[in-house]
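# Structural characterization, general
Below are the chains, spelled out letter by letter.
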Protein chains: 2
Amino acid sequence: MNCLSGLEKKIRSVRTAKGISQDKLAVKSQIDRSYIGRIDRGEVNITMDKLYILAAALECKPQDLLPEMD
Amino acid sequence: MNCLSGLEKKIRSVRTAKGISQDKLAVKSQIDRSYIGRIDRGEVNITMDKLYILAAALECKPQDLLPEMD
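The shown structure was predicted, so the numbers you read here are calculated from the model rather than taken from an experiment. (Residues numbered from 1 in each chain as written. Chains lettered and ligands numbered in written order. Predicted model: local features only at pLDDT ≥ 70, side-chain atom pairs only at ≥ 80, totals over all residues. Heavy atoms only, no water.)

## Observations regarding the relation of the copies chain B and chain A
Inclusion rule: The fit set for superposing copies consists of C-alpha atoms from residues with pLDDT of at least 70 in both; the fit itself is least squares. Only heavy atoms enter the contact rule, under which two residues are in contact if any of them lie within 4.5 Å.
Here chain B sits on chain A after a turn of 180° about the axis and a move of 0.0 Å along it, with an RMSD of 0.0 Å. Interpreted geometrically, this transformation is the action of a two-fold axis. Scanning chain B for the C-alpha nearest the rotation axis identifies Thr47(B), at a separation of 2.0 Å. Both copies contact each other with a shared surface, as 100% of the interface residues of chain B are interface residues in chain A too.

See below:
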């Protein structure tokens, strides 16, 4: 049930593939820069609304950010 | 960005399609029964770990529980 270790990898993977820095993601998503850093390090268990906000900022589907279950 | 109004519908749709009551889902997921009720009514902004726990209990992918964005 460890989804968090995969989630931050997926978010980071999409973010870097699109050339979006953590700073830019913070601005686009209007999520605090330090919180973006914590998400990127897999330190936080984000809520569904944050998932949708991040997906919108990354211009992808929320589904694309979810890691596959083992 | 209103994903919550769709999320509870998707969860309820999968749950009822599988003939799983709220009580049974609470037992299977080990999530408090009253919290399951709140999720079902769209009153809570669930975290990612809860999404994965619910998907496992409903025997579906977490992706299947996410509503499509408009």
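## A word on the interface of chain B and chain A
Put simply, the rule reads: Accessible-area loss on putting two parts together, using a 1.4 Å probe and summing over both, is the definition of buried area adopted here. Any carboxyl oxygen of Asp or Glu within 4 Å of a side-chain nitrogen of Lys or Arg constitutes a salt bridge here. Residues adjacent in sequence count toward polar contacts only when both atoms are side-chain atoms; beyond that, a polar contact is any pair of N or O atoms within 3.5 Å, and within protein one must be able to donate a hydrogen and the other to accept it. Secondary structure elements are defined from DSSP: runs of H or I of at least 4 residues count as helices, runs of E of at least 2 residues count as strands, and each element is numbered from the N terminus.
Taken together, the contacts link 21 residues of chain B with 21 residues of chain A. Of the roughly 2,100 Å² buried where chain B meets chain A, counting both sides, 70% is carbon and sulfur surface. Counting across the chain B and chain A interface gives zero salt bridges. Counting the contacts that link chain B with chain A gives twelve residue pairs in polar contact (both at pLDDT 80 or more). Elements with a minimum of two residues in the side of chain B that touches chain A: helix 1 (4–17), helix 4 (48–57) and helix 5 (62–65) of chain B.

## Topic: the confidence of the model for chain A
All names here are of chain A. Convention followed: The predictor's confidence in any single residue is recorded as pLDDT, a number from 0 to 100.
Overall, the prediction assigns chain A a mean pLDDT of 90, with 90% of residues at 70 or greater. Here helix 1 (residues 4–17) is the element of chain A with the lowest mean pLDDT, 88, and helix 2 (residues 22–29) is the one with the highest, 97. We note a pTM of 0.87 for the whole complex and an ipTM of 0.84 for its interfaces.

## Details of the UniProt feature "domain: HTH cro/C1-type" (unreviewed entry) in chain A
Note the threshold: UniProt positions are given in the numbering used here, feature names are shortened, and annotations may be inferred rather than shown by experiment.
Under the local residue numbering, the UniProt record ascribes the feature "domain: HTH cro/C1-type" (unreviewed entry) to residues 11–65 of chain A. Taken as a whole, residues 11–65 of chain A contains 67% helix and 0% strand, while its terminal C-alpha atoms sit 6 Å from one another.

## Structural notes on the pattern of salt bridges
The criterion, for reference: Remark: exposure states derive from per-residue accessible area (1.4 Å probe, protein chains only) relative to the maximum for the residue type, with buried under 20%, exposed over 50%, and partly exposed in between.
In total, this model carries twelve salt bridges over all chains according to the counting rule given. Asp23(A) serves as the salt-bridge partner of Arg33(A), at 2.5 Å between the closest nitrogen and oxygen. Pair noted here: Arg33(A) is in helix 3 (residues 33–40) and Asp23(A) is in helix 2, with a separation of ten residues, a long-range link. A relative accessible area of 37% means that Arg33(A) is categorised as partly exposed. Close ionic contact of Glu59(B) with Lys28(B) constitutes a salt bridge, the shortest N to O distance being 3.1 Å. Taken together, the positions of Glu59(B) in the loop between helix 4 and helix 5 and Lys28(B) in helix 2 (residues 22–29) put the pair 31 residues apart, joining distant regions of the chain. Through salt bridges that share partners, Arg12(A), Arg15(A) and Asp40(A) make up one connected network.

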